[in-house]
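# Chains, contacts and geometry: an overview
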Protein chains: 2
Amino acid sequence: MRFLTNRRLIWFLTIIGVYLLYDLAFASSGGNGHTGNGGGHESPVLDVLLELIVILLAAKLGGDLFERVKAPAVLGELVIGMVIGNLQLVGIDFFEPFKHNLTLEILAEIGVIILLFEVGLESTVRDMMKVGLVSFMVAIFGVIAPFFLGWGVAVLFLPHESVYVHIFIGATLTATSVGITARVLKDMNKINTREAKIILGAAVIDDIMGLIILAVVTGIISAVSSGMSEGISSGTVLFIILKAVGFIVGAVIIGHWVLPVFFKFGFRLKGKGVLLSFALLVCFLLAYLAGKMGLAPIVGAFAAGLILEEVWFKDYHDRGEHSIEELISPIATFLVPVFFVRMGMLVDLTTFAQIEILGFAAVLTLAAIVGKQACSLAVFDKTTNRIAIGLGMIPRGEVGLIFVGIGSKLILNGHPVISTSTYSAVVIMVIITTLVTPPALIFSMLRGDRKTDHSLSGSQTEG
Amino acid sequence: MRFLTNRRLIWFLTIIGVYLLYDLAFASSGGNGHTGNGGGHESPVLDVLLELIVILLAAKLGGDLFERVKAPAVLGELVIGMVIGNLQLVGIDFFEPFKHNLTLEILAEIGVIILLFEVGLESTVRDMMKVGLVSFMVAIFGVIAPFFLGWGVAVLFLPHESVYVHIFIGATLTATSVGITARVLKDMNKINTREAKIILGAAVIDDIMGLIILAVVTGIISAVSSGMSEGISSGTVLFIILKAVGFIVGAVIIGHWVLPVFFKFGFRLKGKGVLLSFALLVCFLLAYLAGKMGLAPIVGAFAAGLILEEVWFKDYHDRGEHSIEELISPIATFLVPVFFVRMGMLVDLTTFAQIEILGFAAVLTLAAIVGKQACSLAVFDKTTNRIAIGLGMIPRGEVGLIFVGIGSKLILNGHPVISTSTYSAVVIMVIITTLVTPPALIFSMLRGDRKTDHSLSGSQTEG
């Protein structure tokens, strides 16, 4: 790594070296009685601390490497997690316990709950209303096509799995990753173009649609797995759909009605940190309720972020408190990488050696890319760069990963809905769609510019 | 509660009501198969979410109530924890599982690690050097007297316990709670008086001394409990003292030498949140190393805070990033109350009904109060309000609670060093010393003012 100059490299290795020396020295001296509480029942906290140290360092190094090649940091966290989690293949099994630590798993879950809360905070219900028909249509087309294509691919490659598994795989292809596209458009100074606004609006809407599909699918699968064996009536499906949609709509309506008063009440409370604590309360409460209803907790966290409106917190800001986004951000910095690095760790690289999984991954990726091109069909306006919109919707990221994470824990007929090999295939799909988008989008936007330049004799350059 | 006007009360109860209704509704419907993942193996995350919801809400309400009567918020968190944790006495055992959840315990531990890191951040090594001889002497006197008084009281009331238990109880009386005294002096506009400076300097120093004593005592106890049965040579004690002092001094020296480069390296990394992640890395790494050496992890976290100097982060601030204190603060808001509410929950109120425990608590409290009056002996300057200094050093708080928390998990000869009844006695001591200080300190400072007014015809007023 070029950016590690000699001197810095030496220092850095010194730190790591001192750390390892200490660790070895006291691990061994623990045996002869000098450090009694090193090994025994006291260690759960130390185990988690060690895991957090490794994850925080790995996340920042991985994120840095990927940002340097213009890929999103989250991919770096995922890939470095894959490396760490598969070091056992070369005989290093130091990191194996990380995969099975329950507390780390719960920290990762809280991390993704915080992440979806943050994503929800970025948009309000009012924004949703304003995005306009084009974004909405783009989102609809961009959800339906990949969903059914993914379903079809799953039927083709996993014919013996139940229909619910096929639907679940279809669902993992629906949600566009807003962050990656937004970042590319921002870097190109194109964030205020009509194309950018349509893509961003549609990405937010298809996030919500994806979450509703996830809510419905997980609801159906848990209903099937518990109790009613294999068959499930259309009445039950309707009930679950109503429950999922009802939860989000209910959260929005009840929240809009109750939360301003809740935060006004909080404003009267003495003591520090009330705003953040109350925001976390709303987030955790809705996540908990969603979970209790058989939906994914992240659905509740997203709904919580969506309904919180900055205008309710004017009193807090007036007395000098930070905004909720600013307050949540450090907690996200701490916990979100735990989720993604751990996701990477759970990928089993040996599955990549199996040719049929690579084939499945390739076709799934194709379905993901082709499916989103349906978006361009929703744009009738000729002056808009329709190709760019289709391309901008390609990247799948956090939400797809979160879906397979949930699927790998849902049990149906005694085995997980998302098997290890499907998990690997989806991770490959996420990585490829994300890596493919920036160059394709840049190319298309610049070609669009040149066309416009040609017809209008405009002055925008760069090639 | 006066501040809950009718309308607000109704709204607030509505939220709680809706929540409980949902909970009940879906807990029961879980049985007939509609919500499959409500109850089974999926629930660890939901359990923790529910616990965090209860703790966050309880902490803010408890903190508010205590701040209204001018008591510190942390006491409110402790007391409301005691209430929740003992509701089983009136037949409500809903909260019992909270006490035994390992993840919640680890979150509490991370909370207290973050807290000590924050406390350490408030002072730098350079500040320590500058505080001057008076504060240092005040701290020494204020550590030695309560330590031996506490030891003596423990011998008197627990004659059958080993000498290590007696020493441990002595150690819990050493550390002054900076926060409470600082808050009172600030509220009185006295934070820049000579008395205030001496007290605050001494409180910081006795925190460090307390942590060194804790490090030594826990080191000795774990050495005794593992391996060398009961006897322990003075050579081993010396080794443990050297290890503890060596750890802190070593952390300061190595940190000063290595960390600026570490953060310079971090500055080159692309991606968001590097500063916070690296600060957490240092905190967790030192906490982990301290734990591996048989010291308490908080000793390492405090040392980490102490060695981090704002001047290393100038580059980060110049590009618009927040200070480490600002970045850590939301994480502390989230996790620190988990520690204190949980500490309160673990107090067994039935022990308070035992007259001998109340007697032990009363004498221990007396030792804590009288012991710190030795501080005034260290001040020779006649113009300084010596009585106020002794009074200002009285409150014990976080650190004392942390000590008994650690002691209750250290095992010696098959039972915990801090038994349930000792735990309760120390909690009573912390509560009384904290509640007693503000009025006593205010009285003494105002009397001092009046004296000064009299002799110098000064202009300070307020009565």
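Residues numbered from 1 in each chain as written. Chains lettered and ligands numbered in written order. Predicted model: local features only at pLDDT ≥ 70, side-chain atom pairs only at ≥ 80, totals over all residues.

With that out of the way, let us pick up the overall build of chain A. The helix and strand tally for chain A stands at 18 helices and 2 strands. Buried positions account for 54% of the 463 residues belonging to chain A. When contacts within chain A are restricted to residue pairs at least 6 apart in sequence, those whose partners lie at least 24 apart make up 76%. (Helix = DSSP H or I, 4+ residues; strand = E, 2+ residues; numbered from the N terminus. Buried ≥ 20, exposed ≤ 12 C-beta atoms within 10 Å, placed from the backbone. Contact = placed C-beta atoms within 7 Å.)

The biggest cluster of nonpolar side chains holds 323 residues, and the ones touching the most others in it are Cys 283 and Leu 286 of chain A together with Cys 283 and Leu 286 of chain B. When sequence neighbours within four positions are dropped, the list of residues in contact with Leu 286 of chain A reads Ala 251, Gly 300, Ala 301, Ala 303 and Ala 304 of chain A. (Core = buried A, V, L, I, M, F, W, Y, C linked by C-beta atoms within 7 Å.)

Turning to the packing of helix 4 (residues 102-121) of chain B against helix 12 (residues 297-307) of chain B, a few remarks are in order. Residue and element names in this part refer to chain B. Close contact between helix 4 and helix 12 brings their axes to 6 Å; oriented N to C, the two are set at 30°. You can see that helix 4 and helix 12 cross each other, and the crossing is right-handed. Taking contact as the criterion, the partners of Val 112, Ile 113, Leu 116, Phe 117, Glu 118, Val 119, Gly 120 and Leu 121 in helix 4 are, on helix 12, Pro 297, Ile 298, Ala 301, Phe 302, Ala 303, Ala 304, Gly 305 and Leu 306. (Axes fitted to C-alpha atoms, helices over the stretch in contact; angles between N-to-C directions. Left-handed = near helix turned anticlockwise from the far one by under 90°.)

Residues and elements named next belong to chain B. Helix length check: helix 14 (residues 324-345) (22 residues) gives 31 Å between terminal C-alpha atoms against 32 Å at 1.5 Å per residue, within 8%. The largest bend along helix 14 reaches roughly 40° and is located at Ala 332. Counted residue by residue, helix 14 has 19 buried out of 22 residues, so it is predominantly covered. (Expected span 1.5 Å × (residues − 1). Bend = angle between axes of the 7 residues up to and from the residue.)

All names here are of chain A. Considering every residue of chain A, the mean pLDDT works out to 80; 82% of them sit at 70 or more. Highest mean pLDDT in chain A belongs to helix 2 (residues 44-68) (93); lowest belongs to helix 1 (residues 6-29) (52). Here residues 24-41 is a poorly scored stretch, pLDDT under 50, and it has 27 contacts once near neighbours within four places are set aside; other chains count. In the model, residues 457-463 has pLDDT below 50 throughout and makes 6 contacts with residues more than four positions away in sequence or in other chains. (pLDDT = per-residue confidence, 0-100.)

Residue and element names in this part refer to chain B. Of note, Phe 302 is situated in helix 12. C-beta crowding within 10 Å serves as the criterion here: with 30 such atoms nearby, Phe 302 is assigned to the buried category. The residues touching Phe 302, leaving out its near neighbours within four places in the chain, are Leu 116, Val 119, Gly 120 and Leu 211.

Turning our eyes to something else, we now look at helix 9 (residues 194-225) of chain A. Taking 1.5 Å per residue as the helical rise, helix 9 of chain A with its 32 residues ought to reach 46 Å, and the 46 Å between its terminal C-alpha atoms agrees with that figure. The buried count for helix 9 of chain A comes to 30 of 32 residues, which makes it a mostly enclosed element.

This next bit is on the environment of Thr 383 of chain B. Residues and elements named next belong to chain B. On the secondary structure map, Thr 383 appears in the loop between helix 15 (355-372) and helix 16 (386-392). Taking the C-beta count within 10 Å as the criterion, Thr 383 has 10 such neighbours and is therefore assigned exposed. Residues Thr 383 and Gly 448, spaced 65 residues apart in sequence, show a C-alpha to C-alpha distance of 9.7 Å.

This paragraph deals with the packing of helix 11 (residues 274-292) of chain A against helix 14 (residues 324-345) of chain A. Residues and elements named next belong to chain A. Running from N to C, helix 11 and helix 14 point in directions that differ by 75°, and their axes come no closer than 10 Å. In terms of orientation, helix 11 lies roughly perpendicular with respect to helix 14. Taking contact as the criterion, the partners of Leu 275, Leu 276 and Ala 279 in helix 11 are, on helix 14, Ile 324, Leu 327 and Ile 328. (Parallel < 35°, antiparallel > 145°, perpendicular 65-115°, else oblique.)

Bringing the environment of Leu 275 of chain A into the picture now. Residues and elements named next belong to chain A. Looking at the secondary structure, you find Leu 275 in helix 11. As for Leu 275 and Leu 401, which are separated by 126 residues in sequence, their C-alpha atoms are 31 Å apart. Once you skip the residues sitting within four places of it in the chain, Leu 275 turns out to touch Gly 266, Phe 313, Tyr 316, Glu 321, Ile 324 and Leu 327.

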